[in-house]
Amino acid sequence: MAVYHVSTTGTKTTGASTPDDWTNANCYATIKAAMDKVETSADEVIVADGTYSQSEITTTAAIAATGTTIRVRSFSNDPDACIIQGTSATAAAINNNKSGGVALGLHFKGFTLKKSVTHTSRTVPALVFHPQAAALDCEFENCKINTVAIDIATGTSIYGFFGIGNSGHTPRTLRFRDCAIEGLTSASDGGVSFANGVAGMACEMINTTLDGITHTNKIATGYGGGIAGGCNITLTNVTIGDLTIDLSASTNAESAFSFFLASGETSVLTVNGLKVTGDAAILGGACGPVIATTFGPYTFNDIDVSGTVTSSPSAAGAPTSAGALFLANQISAQGSGANITARNCTGENGPVLYCSQGAGGVFTDFVALNCTARKEGIVYAGGWGDVTWEDFAILGCSTAYEPVEAVAGGGAIYAHNHLLSTRSKTTTIRRGQVIGCKQHLGGSAGLTLKAFHDAHSHDVVIDDLVLDSPGNDHEVWLQSAATALLNVTGQGLVLRNGNASVENRSDGPGTIALGAITEPQTLIKRGVVIGGNVLRQVVA
């Protein structure tokens, strides 16, 4: 193992450094110069505290053999004291551009990474670039990435702050471990705002915070997402503070995607621990989810929203914007979610959990508190994928400020099968309660079930469901066209006002069998286990 020391006053130009000797003659003056001398993954570049400013750090002249990870760490392991500062408006601060098929990895530990100028290039990321077909992983550990601005005068942003890899490149991962990413602002005519990587690439965040992240679209074109491009995304114990995506200038009907976007059919979204503690919002255009969207397999576990999550499309945007916290979209998006607590989530439809266009999943142990769907469903199962909601509580939420399809609109739980369905769909609802919710247009405050397809049925199984929202006309709304198939089987239903709170507008040949219905006035207290805790609601 060799070490290569770096200090701002170093004079060394060749060879390894003597360990623990920090004299000028034993230190390189720049991080790049020391990186160029690394030969194996066991070697280390150790950097004294200070600010290291240069247009970019490249690997062009690195002598390391293919398969080597170049490891660079600050001596103090204090990111506030050891700073890498890019000074070019058109180059990445770190550019892993070794050519000739040499695959190198990078690992930085204990630094602040920033730029002294606003980045203006749409074809080069602001901070880290992997432009070569051969490259390994790039990891930042115990780093701060802050106070970096992108302002692209004309055109879409291809990479944002990080370019992971392009089509035909070897698989690689951009990883943030124990990092704080703060104060990043970007403005462009659309494209990607944070990081771009295609199928086979990956972005991972572990014990990492994001705060003060802002993107602004300048004109009426599409926004491609924060982390996007078809790569896999893995989030483990990630905290989001303030996050704003502003699409006010956009009129494009497909102008918005979420910050975490697994956009390929084979892209995998894996979330095990995500907190939203600040105000996260996507505004204008046809905006949809703020936080996460997946077109491929997913896991969405251990979610806690204590701040706000708001999706607010403009009048110019499409009227069917979906989701706010999470959206699974298309047939390949199959997965599960568990232990979810969502407070103050607001969107057009399904602001907490939304499955659409063949997407399906099993969601357990979730709570929605004080959330708002301007149209239908705090949780929403559209399309034709099978969806299960179980062991849940939806409390104090509001729906249907705006009509849908000239009818009253749906309640807290909404499910239908689509006219484009390619198969019959099963919706399963078990061991849940909807209490104290408000439906503003006279429809159902609790459960809305619809069928639109003549050949493919919507089959619904209900087991132990309590719907108790005083001041509403209905708790259950059933609707199907004259030839559409809606089949509902239920047991253990507890409804305010009993059978009188069921509005059955199902005109098709399906079967409706809700079973015996109990009125909640006969109960004193009831509870449902949510993530190991029992939530109880006193019934008048």
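Reading the values: the criteria
Residues numbered from 1 in each chain as written. Predicted model: local features only at pLDDT ≥ 70, side-chain atom pairs only at ≥ 80, totals over all residues. Heavy atoms only, no water. Helix = DSSP H or I, 4+ residues; strand = E, 2+ residues; numbered from the N terminus. Rg over C-alpha atoms; globule rule 2.2 N^0.38 Å. Buried < 20%, exposed > 50% of the residue type's maximum accessible area, 1.4 Å probe, protein only. Areas by Shrake-Rupley, 256 points an atom, 1.4 Å probe, with all protein chains shown as cover. Lys, Arg positive; Asp, Glu negative; His and termini not counted. Charge placed at Lys NZ, Arg CZ, Asp CG, Glu CD. Polar contact = N/O pair within 3.5 Å; in protein donor to acceptor, adjacent residues only side chain to side chain. Patch = residues over 30% accessible without salt bridge, like charges linked within 9 Å, V, L, I, M, F, W, Y side chains within 5 Å. Salt bridge = Lys/Arg side-chain N within 4 Å of Asp/Glu carboxyl O. Disulfide = S-S within 2.5 Å. Phe/Tyr/Trp six-rings, centres within 6.5 Å; stacked < 30°, edge-to-face > 60°. Core = buried A, V, L, I, M, F, W, Y, C linked by side-chain atoms within 4.5 Å. Contact = heavy atoms within 4.5 Å. Pairing = 2+ DSSP bridges. pLDDT = per-residue confidence, 0-100.

Below, the discussion takes up the overall build of the chain. Along its length, the chain carries 1 helix and 49 strands. Computed over the C-alpha atoms, the radius of gyration of the chain is 26 Å, within 12% of the 24 Å expected from 2.2 N^0.38 for a compact globule of 540 residues. Counting only C-alpha atoms, the chain reaches 90 × 45 × 35 Å along its principal axes. Counting all 540 residues of the chain, 58% fall into the buried class. Of the roughly 18,300 Å² of accessible surface on the chain, a fraction of 51% belongs to carbon and sulfur atoms. Each charge sign in the chain was given a centre, from 30 positive and 44 negative side chains, and these centres are 3 Å apart.

On to the side chain of Ser267. Tracing the backbone shows Ser267 in the loop between strand 23 (260-262) and strand 24 (269-276). Side-chain polar atoms of Ser267 contact the backbone oxygen of Gly230, separated by 2.6 Å.

Now for a negative patch on the surface. Together, Glu182, Asp211, Asp242 and Asp279 make up a negatively charged patch on the protein surface. With respect to the element layout, Asp279 can be found in strand 25 (residues 279-283).

By definition, a disulfide is the covalent link that joins the sulfur atoms of two cysteine residues. Within this structure, the stated rule accounts for 0 disulfides. With no disulfide of its own, Cys138 lies closest to Cys143 among cysteine sulfurs, the gap being 9.5 Å. Counting only cysteine sulfurs, Cys231 is the nearest neighbor of Cys203, a cysteine outside any disulfide, at a range of 6.3 Å. Residue Cys203 is classed as buried on the basis of its relative accessible area, which comes to 1%.

Overall, the coordinates contain 22 aromatic pairs when judged by the stated rule. Here Phe366 and Phe392 contribute two aromatic rings whose centre-to-centre distance is 5.1 Å and whose plane-to-plane angle is 5°, an arrangement assigned as stacked. Of the two residues, Phe366 is situated in strand 33 (residues 360-369) and Phe392 in strand 36 (residues 387-395); the sequence distance between them amounts to 26 residues. Side by side, Phe366 and Phe392 carry an identical accessibility label, which is buried. Grouping aromatic residues by their ring pairs yields a cluster made of Phe108, Phe111, Phe140, Phe161, Phe162, Phe176, Phe194, Phe259 and Phe260.

This part takes up the pattern of salt bridges. Evaluation of the coordinates by the stated rule reveals 19 salt bridges. Of the charged contacts in the structure, one is a salt bridge between Asp304 and Arg343, with a shortest N-O distance of 2.6 Å. Of this pair, Asp304 sits in strand 27 (residues 298-305) while Arg343 sits in strand 30 (residues 334-343), placing them 39 residues apart in sequence. On the basis of relative accessibility, which here comes to 27%, the residue Asp304 falls in the partly exposed class. The exposure class assigned to Arg343 is partly exposed, which follows from its relative accessible area of 28%. Where Asp468 meets Arg496, a salt bridge forms, and the shortest distance between an N and an O atom there is 2.5 Å. One end of the pair, Asp468, is in strand 42 (residues 458-468); the other, Arg496, is in the loop between strand 44 (486-495) and strand 45 (502-506), and 28 residues separate them in sequence. Like Asp468, the residue Arg496 is buried in the burial classification. Three or more residues joined by partner-sharing salt bridges are found here, namely Asp137, Glu139, Arg175, Arg177 and Glu204.

Turning our eyes to something else, we now look at the nonpolar core. The biggest cluster of nonpolar side chains holds 128 residues, and the ones touching the most others in it are Phe140, Ile291 and Ile394. Other than its neighbours up to four places away in sequence, Phe140 contacts Ile94, Phe108, Leu113, Val128, Phe162, Leu174, Arg175, Phe176, Arg177 and Cys179. Judged by nonpolar contacts, the second largest core, of 5 residues, contains Ala322, Leu327, Tyr380 and Tyr414.

Moving on to unusual backbone geometry. One non-glycine residue, Gln357, adopts positive backbone phi at about 55°. Relative to the elements of secondary structure, Gln357 occurs in the loop between strand 32 (353-356) and strand 33. Although it is not a glycine, Arg431 adopts a positive phi angle of roughly 50°.

With respect to the helices, strands and loops of the structure, Asn417 is situated in strand 38 (residues 413-417). Judged by relative accessible area, which is 0%, Asn417 ranks as buried. C-alpha of Asn417 to C-alpha of His456: the two residues are 39 residues apart in sequence and 8.1 Å apart in space. Dropping the residues within four chain positions of it, Asn417 is found in contact with Gly383, Lys425, Lys450, Ala451, Phe452, His453, His456, Ser457 and His458. A polar contact of 3.0 Å, which involves the side chain of Asn417, links it to the backbone nitrogen of Phe452.

Turning our attention to the side chain of Arg374. Note on placement: Arg374 falls in the loop between strand 34 (372-373) and strand 35 (379-381). Among the polar contacts listed, one links the side chain of Arg374 to the side chain of Glu348, at a separation of 3.0 Å. Not counting chain neighbours up to four residues away, the residues in contact with Arg374 comprise Thr310, Ser311, Ser312, Pro313, Thr346, Gly347, Glu348, Ala400, Tyr401 and Glu402.

Here the focus is the environment of Leu261. Mapped onto the elements of the fold, Leu261 is located in strand 23. Residue Leu261 is classed as buried on the basis of its relative accessible area of 2%. Along the sequence, Leu261 and Val290 sit 29 residues apart, while their C-alpha atoms lie 9.9 Å from each other. Every residue in contact with Leu261, bar those within four places of it in the chain, is listed here: Gly224, Gly225, Ile227, Ala228, Ile233, Thr293 and Phe295.

Let's shift gears to the pairing of strand 39 (residues 425-435). Counting buried residues along strand 39, 8 of its 11 residues qualify, which places the element largely inside the surrounding structure. By the bridge criterion, 10 bridges tie strand 39 to strand 42 in an arrangement that is parallel. In the sheet register, Thr428 faces strand 42, and the bridge partner there is Val461.

This next bit is on the confidence of the model for the chain. The predicted coordinates should not be examined in detail at positions where pLDDT is low. Looking at the chain as a whole, the pLDDT averages 90, with 92% of positions reaching at least 70. Confidence over residues 522-540 falls short of pLDDT 50; this stretch has 49 contacts with residues more than four positions distant or in other chains.

This brings us to the pairing of strand 19 (residues 213-217). Burial of the side chains of strand 19 is restricted to one face: Ile213, His215 and Asn217 are buried, whereas none of Thr214 and Thr216 on the reverse face is. Note: strand 16 (residues 180-188) against strand 19, 4 bridges, orientation parallel. Bridge pairing in strand 19 places Ala187 opposite Thr216.

Among the structural elements, Asn207 can be located in strand 18 (residues 202-211). Judged by its relative accessible area of 38%, Asn207 falls in the partly exposed class. Along the chain, Asn207 and Trp384 lie 177 residues apart, while their C-alpha atoms are 36 Å from each other. Engagement of the side chain of Asn207 in a polar contact is seen with the side chain of Asp178, the distance being 3.3 Å.

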